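This is what each chain is made of:
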Amino acid sequence: MTQGVRGTRDFYPEDMRVRNWLFEKFHSAALSHGFEEYDSPVLETEELYTRKSGEDITQQLYNFKDKGDRRVSLRPEMTPSLARMVMARSGILPLPIKWYSIPQCWRYERTQRGRGREHYQWNVDIWGAEGVEADAELISVLAHFFESVGLSEEDLVIRVSSRKVLEEVLGKLGISGDDFSKTCVIMDKMDKLPPEAIQTQLAEIGLDQGAVSTIQEFLAIDGLEQLSEELGEDSIAAHELRSLFSLVESYGLEEWISFDASVVRGLAYYTGPVFEANDRSGDLRAICGGGRYDRLIGTLGGKDLPATGFGFGDMVIMELLESKGLLPVLSQGVSDVVFGMGPELRGAAMKVANQLRSRGRRVDLVLEDKRMKWVFKHADRIASDRLVMVMPDEWANGIVKIKELSTGEERAVSFEEL
Ligand code: HAM
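Quick caveat: nothing in here was measured; it's all calculated off a predicted structure.

Cut-offs used in this document
- Residues numbered from 1 in each chain as written.
- Predicted model: local features only at pLDDT ≥ 70, side-chain atom pairs only at ≥ 80, totals over all residues.
- Heavy atoms only, no water.
- Helix = DSSP H or I, 4+ residues; strand = E, 2+ residues; numbered from the N terminus.
- Rg over C-alpha atoms; globule rule 2.2 N^0.38 Å.
- Buried < 20%, exposed > 50% of the residue type's maximum accessible area, 1.4 Å probe, protein only.
- Contact = heavy atoms within 4.5 Å.
- Areas by Shrake-Rupley, 256 points an atom, 1.4 Å probe, with all protein chains shown as cover.
- Lys, Arg positive; Asp, Glu negative; His and termini not counted.
- Charge placed at Lys NZ, Arg CZ, Asp CG, Glu CD.
- Pairing = 2+ DSSP bridges.
- Axes fitted to C-alpha atoms, helices over the stretch in contact; angles between N-to-C directions.
- Domains from an automatic or database assignment.
- Disulfide = S-S within 2.5 Å.
- 1 Å grid on protein atoms, 1.4 Å probe; cavity = no way out; pocket = protein on both sides within 12 Å on 5 of 7 lines; lining within 4 Å.
- Points joined across faces, edges and corners; volume = space filled by probe spheres on them.
- Nonpolar A, V, L, I, M, F, W, Y, C, P; charged D, E, K, R; others polar.
- Near = heavy atom within 4 Å.
- Polar contact = N/O pair within 3.5 Å; in protein donor to acceptor, adjacent residues only side chain to side chain.

1. Quick look at the overall build of the chain
- What the chain contains, in helices and strands, is 15 helices and 17 strands.
- Here the chain has a C-alpha radius of gyration of 28 Å; the compact-globule value for 418 residues is 22 Å, and the former is much larger.
- Across its three principal axes, the chain shows a C-alpha extent of roughly 95 × 55 × 45 Å.
- Among the 418 residues that make up the chain, the fraction classed as buried is 49%.
- Of all intrachain contacts in the chain linking residues separated by at least 6 positions in sequence, the fraction that spans at least 24 positions is 68%.
- Roughly 21,000 Å² of accessible area belongs to the chain as shown, and the carbon and sulfur atoms make up 48% of that amount.
- The averaged location of the 69 negative side-chain charges in the chain is 8 Å from the averaged location of its 50 positive side-chain charges.

Structure, rendered in structure tokens:
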């Protein structure tokens, strides 16, 4: 009974220290851009996720009937919950809404490197701003985060495209609405499935060979310039994407992004710019992904509100940071180990610990009878700054001995001065 559920992780204290460090960087990047944190329950009604676009995510639900016979599901992603929250206060919340969260998400996926059945996913979203300024701001949040953990544009790239561009191309072939979303979901699998399987799936939703060739030509487009040439000067979609790139340049972040026609994203709800970040070596799965989804609320039965955002998992980034030697060595953060010599001084040691704690120090009190040698070893193991010793002769005069563990320097301090 020592094993947890397949694809899930335990976080021992040493893992938790690194996780907290990572989350702190997530918080800082979002807060530095004026975002506010929100949360919602991990359990939702199943209905929130049942979309008919053939997305993997809807087939990977951890869903079940609860004891009241209601169909429920653990959340596989945060976006529908966020949409539900925004919808519930529609017309009341001041716009734009700039919110972030770090929810645990559950997907019954095939476990592999960088993909588990639960993961924590940093979500950063902007609602109520329809211009590409919002999408550019998200790229800035991402770049700030990457820089804060020591990663640069030489380590990774944010690949950007737009569903609108593809919509223009496929629209000319009469593919729109639901068929368009379904086509995107299939195209997203192109690097995972053999070409025949893709062709079969496209044929199943009614795309003929001509359409498939158009898609292939589109995917071969290399760079924004070629895209503009292909779509023509009056293409609104190409113009919008160029504006986004020029805004990102204003932030000085142009080296972080690159146009990549093959980014379509595997979720049906995206409607505009979409992006994914990958390590430059291409060894790892996507680090994060997101994009604009202006019509999600409409599909849930509410009034549409423009929205854009991204989800950023905790697994691939940890692998990348580890491979680059960028994970910090973190100690427990105890400042004082307090030790009373013998059972008679237990009460005195408690008093001393209490005094130090009330001054805001992090104190580990030795709770049992231990030898001095053990205490030293213990303080060293947990990397405490100081050892505070309560000894019989000194304590009789209201004095404790403090040893600085980095220098070995010892001094006597009165209880009042602590
Ligand atoms: P997604 O691409 O499905 O998008 O997931 C976003 C990120 O979550 C991935 O790039 C990856 O970092 C992480 N992730 C997803 N599944 C797993 C897994 N099984 N194991 C580990 N990490 C995983 C969404 O979920 C969208 N809701 C993101 C979004 C927010 N779009 C707009 N706002």
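Let us keep going from here.
2. Re the sheet that holds strand 2 (residues 43-45)
- Here we have 3 strands laid out as an open sheet, ordered 2-4-3, and antiparallel in their pairing. Because the sheet does not close on itself, it has two edges, and the strands there are strand 2 and strand 3 (63-65). Along the sheet, successive strands turn relative to each other by an average axial angle of 35°, direction set aside.
- Relative to strand 4 (residues 71-74), strand 2 runs antiparallel, the two being bridged by 3 bridges. Pairing of Glu44 across the sheet is with Ser73, part of strand 4.

3. Brief notes about the domain arrangement of the chain
- Looking at the assigned domains, one finds that the chain contains domain 1 (13-323) and domain 2 (336-417).
- A C-alpha centroid distance of 53 Å is found between domain 1 and domain 2.

4. Side note on the sheet that holds strand 16 (residues 399-404)
- Within the open sheet, the 5 strands sit side by side as 14-13-15-16-17. Their pairing is mixed. Two strands bound the open sheet, and with one partner strand each, they are strand 14 (363-365) and strand 17 (410-414). Here the strands of the sheet are splayed against their neighbours by 25° on average, with no regard to which way each runs.
- Strand direction decides the pairing type here: strand 13 (residues 336-340) and strand 15 (residues 386-390), joined by 5 bridges, are parallel. Directly across from Val337, in strand 15, lies its bridge partner Leu387.
- Set on the sheet, helix 14 (residues 372-381) makes contact with strand 13, strand 14, strand 15 and strand 16; between it and strand 13 the angle comes to about 170°.

5. Focus on the state of the cysteines
- The full count for this structure, using the stated rule, is 0 disulfides.
- You can see Cys105 has no disulfide; the closest cysteine sulfur is in Cys288, sitting 14 Å from it.
- On the basis of relative accessible area, Cys105 is assigned to the buried category, the value being 0%.
- The class of Cys288 is buried, set by a relative accessible area of 4%.

6. Details of empty space enclosed by the protein
- A full pass over the atoms with the stated rule returns 1 cavity of 30 Å³ or more.
- Reported here for the largest cavity is a volume of approximately 30 Å³.
- Listed by contribution, the elements that provide at least two residues to the lining of the largest cavity are strand 13 and helix 13 (346-358).
- Residues of the lining of the largest cavity, tallied by class, amount to 4 nonpolar, 1 polar and 2 charged.

7. Considering the site of the ligand
- By nearness alone, 26 residues border the ligand, and Glu77, Thr79, Glu109, Asp125 and Tyr270 come closest of all.
- The contact in question runs from a nitrogen atom of the ligand to an N or O atom on the side chain of Glu77, over 2.5 Å.
- In the environment of the ligand, an oxygen atom lies 2.9 Å from a nitrogen or oxygen atom belonging to the side chain of Arg265.
- Taking 660 Å² as the accessible area of the ligand by itself, protein coverage stands at 95%.
- Broken down by secondary-structure element, the contributors of at least two residues to the shell around the ligand are strand 7 (118-127), strand 11 (288-292) and strand 12 (307-313).
- For the shell around the ligand, the residue count by class is 9 nonpolar, 11 polar and 6 charged.

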